[in-house]
Amino acid sequence: MSMPHSEFRLSTHETGSPPSKRRLLRAWWRRQSPARQDRFATLGPLVSVLLFLAAIITAFWYLRIEEIEREQESVKRDTEVAQQQIRLRLIENQEQLVRLAREVATGAIDADEFIGQATTLARERPELVSLSWLLADRTRHASHVSPSHSFMGSRYAEAPAPASAASADGMARNEPEWAFDTARELRLPVYSRPYATETGLHVVQVHVPLVDRATFAGTVVAEYSVEALLRYFVPTEVANRHGMMLLDANGRVLASTVSRAPGREPRRDALHHDIPVAPVGNGLILRGVGYRTSVGLISNTLFWMVTALSVLTVWMLLGTWRHMRRRLQVQQALVAETNFRRAMENSMLTGMRAMDMEGRITYVNAAYCSMTGFSEAELVGRTPPFPHWPPDRMEESRRLFEQELQGRSPPGGIEVKVMRKDGTQFDARMYVSPLIDAKGHQTGWMTSMTNITEAKRIRDQLSASHERFTTVLEGLDAAVSVVSVQQGELLFANRSYRLWFGTDGKGHALLAGARESESAPALSDADDESVDHFGGLPTQELTETGSDPREVYVESLGRWFDVRSRYLQWTDGRLAQMLIATDVTARVRAEEQAARQADQAQITSRLITMGEMASSVAHELNQPLTAISNYCNGIISRVKAGAMNDAELLAALEKTAKQAQRAGQIIHRIRAFVKKSEPQRQPAQAREIVDDAVELAMIELRRRHVSIHTYVAQRLPQLMVDPILIEQVLLNLLKNAAEAIDSAKLPPSRRNIELRVVPRHTPDEGGVIEFSVTDSGPGLKEEVLGRMYEAFFSTKSDGLGIGLSLCRSIIESHHGRIRAENLYNGPSVVGCRFSFTLPVEISNPS
């Protein structure tokens, strides 16, 4: 029970100084009613008894848990000690077996000596059932059975057991054969899983391989009795404290020491600790089990006596508490009703005022007094004019009051000005209703008053903001429209929209993607698949989703619009679509003009390239033409002299035809390169592009005495490019490299160019094909590297400066990249490399 805040304030006010906690509690207790004091007096002992009982139960439980934890730790410790004893014994035996196997493998001992040593080992180690020498074909060469186990037999002491013996223990494999095969494969000692022999003895075999010069010659097999391992190597003090068991992988008990402790049994709550037996580890588990050492919590007599006394005390206190509760029911109901009414009046934020039929104030609540600043005594009993009426609105206030007394006040309330006691005024809304008593007679009027000053201010601000927002939208050059998704009704359109499309929703549908011939503008029309219909879908998810801008051409206006759409919730809750369409006709036309100029620049660049190579082309054509002239003159001279037969004439004509074809091929290749055509991307092979570019470039390279080495990787994927444009880029780079080498006057050993085409994969670009042109010229200056892609920038006296700029535009239009770098040998520049990449999908070969 907590002390009410109001009572705390009273105590502080009465004393006049901050009281201590003890004095406050004492004063609070004196103010409580006798019924509440009796209830506290009853609940106190009850709570004390319950706490005492809980403390006793907790103490017993804690002691029990602590005892179990100690026992568990003891079991774990003894189990680890026993496992360590068995492990050390098995390791010691394994070392002896390895030594014996080494002597057998090297031929140091024969079968008789083996039996002699086996007899000695079995006599010293009672856990050994038998020792056998198996050859590589799994036949027994020599064996010894321990006298203490001779009546039980062994799997390898006699002839091999049938397959049924391997499955007699429920196993799916023959354990000795598996261990033999595993030792042969691993060439290491291998332990089998525990299994039962024909006589019911549970054993474990270890196979030590016989290896002679990397040749498997058989195994030395030692068979351990599981029961003997537990009997001889678990310390007596450990067995007396806890039970020890050896289990297989399926949890079946193979051997146990529990029977050695008469009068003791394993715990029922399965208090145990499991640990695998090393080095066997192949399904053999040592389990330590704890004995019952103490009685449980339930059989504790002291616990039950304390519980019985506590229950009796609780029962008596509950009887007293039920009797007290019946006495307090009537008093509590009255106090609760009174407190509820008082709390309701004091917690209301709405001012309440009651008047009689003559207009006299009979009641005001705390909120009404707080709003006006007048106390209840200053308002109750007053008649008009009231003190909270503003002097400058006296006549208006009286008229509204008369209207109120006549019952003609509107149901939606009336807005009035109210003056506080300090002279300030605020806006209020009053609602008037008749005051009816319990007999159904009207005794006066009840008025509720709410301060609406802040709400009115916000409403005025919203109205002004809406007016400003509307002014901004009307002044936009872009068309803004909002259409209802379900009905297709045009909810809003600014001046630009009305100027272009009128006052209906057809223009909105056109901008949204509908055809101009469609007359129905409704976005919800089922036949209009180009407009989204989201009726019935969650509004919040749609309004949070944007859309990518797109360009729409309106044929009737001859204009291009950049359209952006968004779904929003309209003021009445309907889902609506808003479109903002910006006129981008000028930009689109400028882009089309720029594209046409770029295409023309590409064609012009190819013509300029051919013009620059005119002398080389003339020289290249002059050779076949000269040969044709010489062949023709020779034929004419010999025919006139009659010194030429038909066969010689035919051979000379064939040579002449070949030279003519060579000249025609050169002219055809140049004509195809400079032919004016629309850019067209198509599947193309990198090798074909390189071959065509090198064929044209060789005309210039031969004239400048520059050699070229070309390497194109095998099995490159197809490129989706314009082959002529990529060929133009390669030709430009090869021609620039040849000019750089020729202008530097380099010796013949350095007058070479390398063209490589290889696949690459980069984190930024992904799968690409890289074309690189490397020359051994003087390289580029740093200021040239920074400006060489600028239009009309050139380092040549007769250059136009559009070659590399155009190359960069072509590569970037194919979503690739072009770069240039100098090659260094120490501080000296020994060449330059231009490379560009084209994106592809490189699939991994299967």
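Residue numbers here run from 1 along each chain, matching the order of that chain's written sequence. Given that this is a predicted model, residues contribute local features only at a pLDDT of at least 70 and side-chain atom pairs are listed and counted only at 80 or more, while totals for whole chains, interfaces and linings are drawn from all residues. Side-chain descriptors were evaluated using all non-hydrogen atoms of the structure, hydrogens and water having been removed beforehand.

Caption draft 1: Broad picture of the pattern of salt bridges. By definition, a salt bridge exists where a carboxyl oxygen of Asp or Glu is found within 4 Å of a side-chain nitrogen of Lys or Arg. If you walk through the whole model with that rule in mind, you get 37 salt bridges. One salt bridge connects Arg833 with Glu821, and the closest N-O pair in it is separated by 3.1 Å. Of this pair, Arg833 sits in strand S27 (residues 828-839) while Glu821 is found in strand S26 (residues 817-825), placing the two residues twelve residues apart along the sequence. Accessibility here uses a 1.4 Å probe with only protein chains present; expressed as a share of the type maximum, an area under 20% marks a residue as buried, one over 50% as exposed, and anything in between as partly exposed. Relative accessible area serves as the criterion here: at 27%, Arg833 is assigned to the partly exposed category. Given a relative accessible area of 36%, Glu821 falls into the partly exposed group. Via salt bridges that share partners, Glu700, Arg703, Arg704, Asp742 and Arg751 belong to a single interconnected network. Strands here are runs of E lasting at least two residues and helices are runs of H or I lasting at least four, both read from the DSSP assignment and numbered beginning at the N terminus.

Caption draft 2: Layout of empty space enclosed by the protein. Both cavities and pockets are sets of points on a 1 Å grid over the protein atoms alone; in a cavity a 1.4 Å probe fits but cannot get out, in a pocket the set is open with protein on both sides within 12 Å along at least five of seven lines, and lining residues sit with an atom within 4 Å of a point. Grid points are joined across faces, edges and corners, and a volume is the space filled by probe spheres set on the points. Tallied over the full model, the rule gives four cavities of 30 Å³ or more. The calculated volume of the largest cavity comes to roughly 200 Å³. The wall of the largest cavity is formed by 15 residues, among which Trp389, Ser397, Leu400, Val416 and Met430 lie closest to the centre. Mapped onto the lining of the largest cavity, the elements with two or more residues apiece are helix H12 (394-405) and strand S13 (414-419). When residues of the lining of the largest cavity are assigned to their parent elements, the largest contribution, five residues, is made by H12. We call Asp, Glu, Lys and Arg charged. Ala, Val, Leu, Ile, Met, Phe, Trp, Tyr, Cys and Pro are nonpolar, and the rest, Gly among them, are polar. Of the residues assigned to the lining of the largest cavity, the class counts are eight nonpolar, two polar and five charged.

Caption draft 3: Highlighting the packing of aromatic side chains. Aromatic contacts are taken between Phe, Tyr and Trp rings whose centres are within 6.5 Å, Trp giving its six-membered ring; a plane angle under 30 degrees counts as stacked, one over 60 as edge-to-face, and the others as tilted. In this structure the tally under the stated criterion is ten aromatic pairs. Ring centres of Phe386 and Trp389 lie 5.3 Å apart, and the angle between their planes is 75°; on these two criteria the pair is classed as edge-to-face. Grouping residues by exposure puts Phe386 and Trp389 together as buried. When the ring of Tyr497 is compared with that of Phe501, the centres are 5.2 Å apart and the planes differ by 40°; the resulting orientation is tilted. Of this pair, Tyr497 and Phe501 both sit in helix H14 (residues 495-501), four residues apart, which is roughly one turn of that helix. For the pair formed by Tyr497 and Phe501, the shared burial category is buried. Every member of this aromatic cluster is reached through a ring pair, and the members are Tyr497, Trp500, Phe501 and Phe561.

Caption draft 4: Looking closely at the nonpolar core. Counting 43 residues, the largest nonpolar core has Ile753, Phe771 and Phe836 as the members making the most contacts within it. Of all the elements in the fold, those that place two or more residues in this core are helix H20 (686-703), strand S23 (719-721), helix H21 (723-743), strand S24 (752-762), strand S25 (766-775), helix H23 (803-813) and S27. For this core, the leading source of residues is H21, giving ten residues. Apart from the residues lying within four places of it in its own chain, the contact partners of Phe771 are Ala686, Val690, Leu719, Leu730, Arg756, Val757, Phe834, Ser835, Phe836 and Leu838. With 41 residues, the next largest nonpolar core counts Leu121, Ala142, Val226 and Ala255 among its residues. Here, the term nonpolar core denotes a set of buried Ala, Val, Leu, Ile, Met, Phe, Trp, Tyr and Cys residues that are joined through side-chain atoms within 4.5 Å. What makes two residues a contact is simply this: any of their non-hydrogen atoms within 4.5 Å.

Caption draft 5: How the structure looks around a nonpolar patch on the surface. Note that patches include only residues with greater than 30% relative accessible area and no salt bridge, and the join distances are 9 Å for like charges and 5 Å for nonpolar side chains (Val, Leu, Ile, Met, Phe, Trp, Tyr). A 1.4 Å probe and the Shrake-Rupley method give the accessible areas. Residues count as covered only by the protein chains that appear here. Taken together, Leu312, Trp315 and Met316 make up a surface patch of nonpolar side chains, about 370 Å² in accessible area. Here Met316 lies in helix H9 (residues 301-347).

Caption draft 6: A look at the side chain of Asp775. Mapped onto the fold, Asp775 is located in strand S25. His is not counted here, nor are the chain ends, while Lys and Arg score as positive and Asp and Glu score as negative. In this structure Asp775 is buried but unpaired, with Arg750 as the nearest side chain of opposite charge at 7.5 Å. We call two N or O atoms a polar contact when they sit within 3.5 Å, provided that within protein one can donate a hydrogen and the other can accept it, with sequence-adjacent residues counted only if both atoms are side-chain atoms. At a separation of 2.9 Å, a polar atom in the side chain of Asp775 contacts the main-chain amide nitrogen of Gly777. Excluding its chain neighbours within four sequence positions, the residues that come into contact with Asp775 are Ala737, Ile741, Asn752, Ile753, Val830, Gly831 and Cys832.

Caption draft 7: The sheet that holds strand S19 (residues 559-569), seen in detail. Sheet architecture is open: five strands sit in the order S17-S16-S20-S19-S18, paired in antiparallel fashion. Each edge of the sheet is formed by a strand with only one pairing partner; in this case those strands are strand S17 (490-493) and strand S18 (550-554). Taken over all neighbouring pairs, the strand axes of this sheet differ in orientation by 30° on average, direction set aside. Pairs of strands are assigned from DSSP output, requiring at least two bridges between the strands. Where S19 and strand S20 (residues 575-583) come together, nine bridges link them in antiparallel fashion. Bridge assignment links Asp562 to a residue of S20, and that residue is Thr582. Every axis corresponds to a line fitted to the C-alpha atoms, with the helix fit spanning only the stretch in contact, and the corresponding angles, defined between N-to-C directions, vary from 0 to 180 degrees.

Caption draft 8: How the structure looks around the sheet that holds S13. With respect to topology, five strands assemble into an open sheet ordered S12-S11-S15-S14-S13, the strand pairing being antiparallel. Two strands close off the open sheet at either side, each with one partner strand: strand S12 (361-364) and S13. Each neighbouring strand pair of the sheet contributes to a mean axis angle of 35°, computed without reference to strand direction. In the sheet, strand S11 (residues 351-356) pairs with S12 via three bridges, with the strands oriented antiparallel.

Caption draft 9: Highlighting H12. A helix's residues, less one, multiplied by 1.5 Å, set its expected span. Compared with the 16 Å implied by 1.5 Å per residue over twelve residues, the 17 Å span of H12 between its first and last C-alpha is a close match. Of the positions making up H12, those classed as buried are Ser397, Leu400, Phe401, Gln403 and Glu404. Looking straight down H12, one finds its buried side chains confined to an arc of 160°; they lie on one side. Check the buried side of H12 and you find it contacts S11, S13, strand S14 (425-436) and strand S15 (442-451). With its phi angle positive at about 75°, Gly407 sits one or two positions after the end of H12. What the arc measures is the spread of directions leading from the helix axis to the C-beta atoms.

Caption draft 10: Region of the structure containing unusual backbone geometry. For the bond running from Pro384 to Pro385, omega is 0°, close enough to zero to count as cis. One can find Pro385 in the loop between helix H11 (376-379) and H12. Residue Arg715 is not a glycine yet carries a positive backbone phi of 55°. Locating Arg715 in the fold gives a position in the loop between strand S22 (707-712) and S23. Note on Arg715: relative accessible area 81%, which makes it exposed. At His815, a residue that is not glycine, the phi angle is positive and equals roughly 65°. Here His815 lies in the loop between H23 and S26. What makes His815 exposed here is its relative accessible area of 63%.

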